[in-house]
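Observations on the model geometry
Here is how the chains run, residue by residue.
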Amino acid sequence: MRILVVDDEVDLAEGIAAALRKDGYAVDVAHSGQEALDELAHTEYDLITLDLTLGDLDGREVCRRIRGGSAVDPSVRILMLTARDGIDDRVAGLDDGADDYLVKPFALRELAARVRTLLRRDGSATDSVMRVGALVLDDARREVVYDETPIRLTAKEFALCRYFMAAPGTVFSQEHLLEHVWDQAADPFTNTVRVTVGTLRRKLEAEAGTTVIETVIGAGYRLVEPVA
Amino acid sequence: MNLLPDPVRRRRFSSIRFRLSLAFASAVFAMGSILVGGIYLFQQARIDTPTLEAVPVIQVDSDGNAQLIGFRGPRDEIEQFQIAQIQAAIDTEALDRLRRGSLAALAVLAVSSFLAGWVLAGWALRPVGRIVRVARDISTTDLSRRIDLQGPDDELRDIADTFDAMLDRLQVGFHDQQRFMTDASHELRNPLAIIRTHLELALDADDDDERRNSLGRAEAAAERLGVLVDDVMAAARSSMHEPTVGDVDLLALVDGVAEDFGPAASARSVELVTDADDEVVIRGDELAIRRALANLVANAVRLAPEGSTVSLALVQTGDRARLDVVDEGPGLAPADMDHVFQRFWRGQNAGRGSGLGLSIVREIAERHGGAATVSAAPPNGSRFSIWLPMTTARRP
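The residue numbers shown here count from 1 along each chain, following its written sequence. Going through the entries in the order they are written, you letter the chains from A and number the ligands from 1. Side-chain atom pairs in this predicted model are given and counted only at pLDDT of 80 or more, local residue features only at pLDDT of at least 70, and totals for whole chains, interfaces and linings cover all residues. For the side-chain quantities, the full set of heavy atoms in the structure was used; hydrogens and water were omitted.

Moving on to the overall build of chain B. Broken down by element type, chain B carries nine helices and nine strands. For the exposure calls, accessible area comes from a 1.4 Å probe over protein chains only, and a residue counts as buried if that area is under 20% of its type's maximum, exposed if over 50%, partly exposed in between. For chain B, with 396 residues in total, the buried portion stands at 33%. Any two residues having at least one pair of non-hydrogen atoms within 4.5 Å are treated as being in contact. Sequence separation of 24 or more characterises 68% of the internal contacts of chain B that already satisfy a separation of 6 or more. Surface accessibility of chain B: about 24100 Å² in total, with carbon and sulfur atoms responsible for 56%. Each helix is a run of DSSP H or I of at least 4 residues and each strand a run of E of at least 2, with the numbering of both proceeding from the N terminus. Residue-level accessible areas treat just the shown protein chains as cover; the underlying method is Shrake-Rupley with a 1.4 Å probe.

Structural data, given as structure tokens:
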């Protein structure tokens, strides 16, 4: 899952980004409305945290452009972060196309919970636990369990696992995974995707004893329901 | 909280209506008494007291028959005595009746004049009731309502209009204050959010570097919060501070401010020069003007590149005096020039500023009937100016 954090307060944007990265998301940062629109134009994000008061463009204007334009995938989730807590402000923000609204200062745990909820909305799951056969992922507790045995994963492996589990059976190309699970810091010419998919697959299959992540030659990878 | 006395409280003997009616009734009663008393005394003075002693008078006719025809008075004037006596008797009786009638009339007059006074005073004071009711409503609900008293252009209308004008000013002031509070609380939230976020990150940090980095950012934000709170308090104080208007020697003021910022400038290797020769004296609030100029110089000295020059100038152009602070960078984007004097506006390079300094400069200039402006100072600096009228147009 790739997230764009937009805030003109550099320290705040960096803090939010650091926290979200710890939760295994791929996070980029933009410090102005124009910068955010530029990022959105060439990267497909799953979620944007958007500050309402930006130096140049108003956050609401950015929101309207995202929702009004055809350049950005309309399924992108927008979480507005703002110092304005009036009911009118909130209603206006939601009317402009934001999916949720969080007032500063907020607890990082709440931010994380809202991000999880927003990213889950298109899926069928109603809580933060995803199940594919005997493989269970608890997003809130950052745990992956296979048949009641916990599997220790790194943050990136966890993020990748979550991405696969959100759409079991779907084939994802390396480029797609790089775009959605890694951030700008990732070098597109390394084999980081292949390596991480490899380690994740080894850990999962060591526990399951059967194929969990399948390589589709020439297309990419997909998660198959492990048969216990 | 109800600060006003309850206007529907029933006052009885202290109400202005009662007192007016009483005064009216007293006046009418007094005049009635004088009139009636005067008539009575006048009448009484013209009436002789009835005969003290009557003597029988016997008339003897031609046949020798004696007939009692009356009583003879002391003056032996039979005919006259008779008439006068009758007259006096009648007059005394009339005077008696007059006195009884007058007293009754006075009693009726007293009561009816009190009632008339009560009705008249009520009619005249009706707008006062309306003024009080609306004032009470305003104090408990919102400041946007007005008494808006219709009717003749009289004293009560004057009171209502004055009250309305006062409410206009109060509303503007109140809204300004409220907006300032809202803006300030929003501005406080950003550093708070940074502090909270980075403290949480520090608590959850994997290694010391990460923790140190987060704590450093939290500390910087806390420092910014402190500056912001100081400036908010200073702004609140400056808007409350009672201005002392007097002659302000701008030349001395420029020299004083330049002296104050000398150490700060040399600490950053910034040269601070003054270009002011002629004495310019205006009417104004010296402390406020000094503060405005100090805010400009503080910004310039804080943001100027090392080794550059910041110059202070005092110019008199026509009926206006102008204080200039010119720096050699980093300059402002043209789009930003419209915003620099807005409250809480902070430029990309502003660093630790609260965004209040320049808004205070503008407020002080405008209070003096002047203005604050900014323009580009080629090659890449900015020129901030405070324009002040030579004689202040408005009360600062």
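Turning next to the overall build of chain A. In terms of regular secondary structure, chain A is built from eight helices and 11 strands. When burial is assessed residue by residue, chain A has 51% of its 228 residues classed as buried. Taking as baseline every contact in chain A between residues at least 6 positions apart, the subset at least 24 positions apart corresponds to 55%.

Note that A376(B) resides in strand β8 (residues 371-377). The residues touching A376(B), leaving out its near neighbours within four places in the chain, are M337(B) and G381(B).

With that settled, the discussion passes to the sheet that holds strand β6 (residues 129-132) of chain A. Residues and elements named next belong to chain A. One open sheet accounts for four strands, arranged β6-β7-β8-β9; its pairing is antiparallel. Among the strands making up the open sheet, the edge pair consists of β6 and β9 (149-151). Taken over all neighbouring pairs, the strand axes of this sheet differ in orientation by 25 degrees on average, direction set aside. Bridge analysis of strand β8 (residues 143-146) against β9 gives three bridges, and the strand direction is antiparallel. In the strand pairing of β9, V145 is matched with P150. If DSSP finds at least two bridges between two strands, the strands pair. With axes taken as lines fitted to C-alpha atoms, and helix axes fitted only over the stretch in contact, angles between N-to-C directions fall between 0 and 180 degrees.

Close approach of charged atoms lets side chains of opposite charge pair. Take a side-chain nitrogen of Lys or Arg and a carboxyl oxygen of Asp or Glu: if they are within 4 Å of each other, that pair is a salt bridge. For the coordinates displayed, the defined rule picks out 29 salt bridges over all chains. Note that E9(A) is salt-bridged to R224(B), the shortest N-O span being 2.7 Å. Remark: R224(B) occurs in helix α4 (residues 208-240) and E9(A) occurs in the loop between β1 (2-6) and α1 (10-22); the pair is interchain, linking two chains. Since its relative accessible area comes to 8%, E9(A) is described here as buried. With a relative accessible area of 13%, R224(B) lands in the buried category. For the salt bridge of E214(A) with R222(A), the shortest nitrogen-to-oxygen distance reads 2.9 Å. Looking at R222(A), the relative accessible area reads 29%, which means it is partly exposed.

As a further point, take a nonpolar patch on the surface. All names here are of chain B. Exposure above 30% relative accessible area and the absence of a salt bridge qualify a residue for a patch, where like charges join within 9 Å and nonpolar side chains (Val, Leu, Ile, Met, Phe, Trp, Tyr) within 5 Å. On the surface, F24, L120 and W123 cluster together to form a nonpolar patch covering roughly 350 Å² of accessible area. Looking at the element boundaries, F24 is found in helix α1 (residues 16-46). By relative accessible area, F24 is classed as partly exposed at 36%.

Attention now goes to helix α9 (residues 357-367) of chain B. Buried within α9(B) we find L358(B), S359(B), I360(B), V361(B), I364(B), A365(B) and R367(B). Remark: G369(B) follows α9(B) within two positions and exhibits a positive phi of approximately 80 degrees.

Along the polypeptide, A113(A) turns up in helix α5 (residues 108-120). Separated by 15 residues in sequence, A113(A) and S128(A) place their C-alpha atoms 8.9 Å apart.

Moving on, we come to the nonpolar core. Among buried residues, the Ala, Val, Leu, Ile, Met, Phe, Trp, Tyr and Cys ones that are joined through side-chain atoms within 4.5 Å form a nonpolar core. L111(A) and L177(A) are the most contacted members of the largest nonpolar core, which totals 59 residues. When residues no more than four places from it in sequence are discounted, the contact partners of L177(A) are L160(A), Y163(A), F164(A), F172(A), W182(A), V193(A), V197(A) and Y221(A). Within the second largest apolar cluster, 51 residues are counted, among which are F180(B), L251(B), A372(B) and F384(B).

Two numbers describe how α1(A) lies on helix α3 (residues 155-203) of chain B: the axes approach to 9 Å, and their chain directions differ by 30 degrees. Like other packed secondary-structure pairs, α1(A) and α3(B) cross with a definite hand, here left-handed. Across the interface between the two elements, D11(A), L12(A), G15(A), I16(A), A18(A), A19(A) and K22(A) of α1(A) pack against N190(B), A193(B), I194(B), T197(B), H198(B) and L201(B) of α3(B). Two helices crossing with the near one rotated counterclockwise from the far one by less than a right angle form a left-handed crossing, whereas a clockwise rotation gives a right-handed crossing.

A few words on the interface of chain B and chain A. Listed by partner, the interface residues are 19 residues for chain B and 20 residues for chain A. Approximately 1800 Å² of surface area, both sides summed, lies buried where chain B meets chain A, with 53% of it carried by carbon and sulfur atoms. Put simply, chain B and chain A have three salt bridges between them. Close ionic contact of R217(B) with D11(A) constitutes a salt bridge, the shortest N to O distance being 3.0 Å. Polar contact criterion, stated in full: a pair of N or O atoms within 3.5 Å, where within protein one must be able to donate a hydrogen and the other to accept it, and residues adjacent in sequence count only if both atoms are side-chain atoms. Between chain B and chain A we count 10 residue pairs in polar contact (both at pLDDT 80 or more) in total. For the side of chain B that touches chain A, the secondary structure elements donating two or more residues are α3 and α4 of chain B. The element contributing the most residues to the side of chain B that touches chain A is α3(B), with 12 residues. When residues are sorted by character, Ala, Val, Leu, Ile, Met, Phe, Trp, Tyr, Cys and Pro go into the nonpolar class, Asp, Glu, Lys and Arg into the charged class, and all the rest, Gly among them, into the polar class. Of the residues in the side of chain B that touches chain A, the class split is five nonpolar, four polar and 10 charged. Buried area: the accessible surface (1.4 Å probe) lost by two parts on joining, summed over both.

Asp and Glu are treated as the negative residues and Lys and Arg as the positive ones, with His and the ends of the chain left uncounted. By convention, the point assigned to a charge is CZ for Arg, NZ for Lys, CD for Glu and CG for Asp. Together, D204(B), D206(B), D207(B) and D209(B) give the surface a local cluster of negative charge. Mapped onto the fold, D207(B) is located in the loop between α3 and α4.

Here the focus is the side chain of H368(B). All names here are of chain B. Here H368 shows up in the loop between α9 and β8. A distance of 2.9 Å separates a polar side-chain atom of H368 from the backbone nitrogen of D285. In terms of polar contacts, H368 uses its side chain to reach the backbone carbonyl oxygen of I364, at 2.9 Å.

Let us now look at α1(A). Here, expected helix span is obtained from the residue count minus one, scaled by 1.5 Å. Its 13 residues place the ends of α1(A) 18 Å apart at the C-alpha level, agreeing with the 18 Å of an ideal helix rising 1.5 Å per residue. Those residues of α1(A) that are buried lie in contact with β1, β2 (26-30), β4 (77-82) and α5 of chain A together with α3 of chain B. Note on α1(A): the residue one or two positions beyond its end, G24(A), has a positive phi of about 90 degrees.

All right, on to unusual backbone geometry then. Note the cis peptide between K104(A) and P105(A), where omega equals -10 degrees. Of note, P105(A) is situated in the loop between β5 (100-103) and α5. Its identity is not glycine, yet R142(A) carries a phi of approximately 55 degrees, on the positive side. Relative to the helices and strands, R142(A) resides in the loop between β7 (135-138) and β8. On the basis of relative accessible area, R142(A) is assigned to the partly exposed category, the value being 31%. In this structure, S269(B) is a non-glycine residue whose phi angle is positive, near 55 degrees.

Our focus in this paragraph is the confidence of the model for chain B. For every residue, the predictor reports its confidence as pLDDT, a number between 0 and 100. For chain B, per-residue confidence averages 81 on the pLDDT scale, and 85% of positions sit at 70 or higher. Within the model, pLDDT remains below 50 along residues 392-396 of chain B, and this stretch shows 13 contacts once partners closer than five positions in the same chain are excluded.

Residue and element names in this part refer to chain A. A sheet is described by the order of its strands in space; here five strands give the open sequence β2-β1-β3-β4-β5, paired in parallel fashion. Of all strands in the sheet, those with a lone pairing partner are β2 and β5, marking the two edges. The sheet shows a mean angle of 20 degrees between the axes of neighbouring strands, direction not considered. The pairing of β1 with strand β3 (residues 47-51) spans four bridges and is classified as parallel. If you follow V5 over to β3, its bridge partner there is T49.

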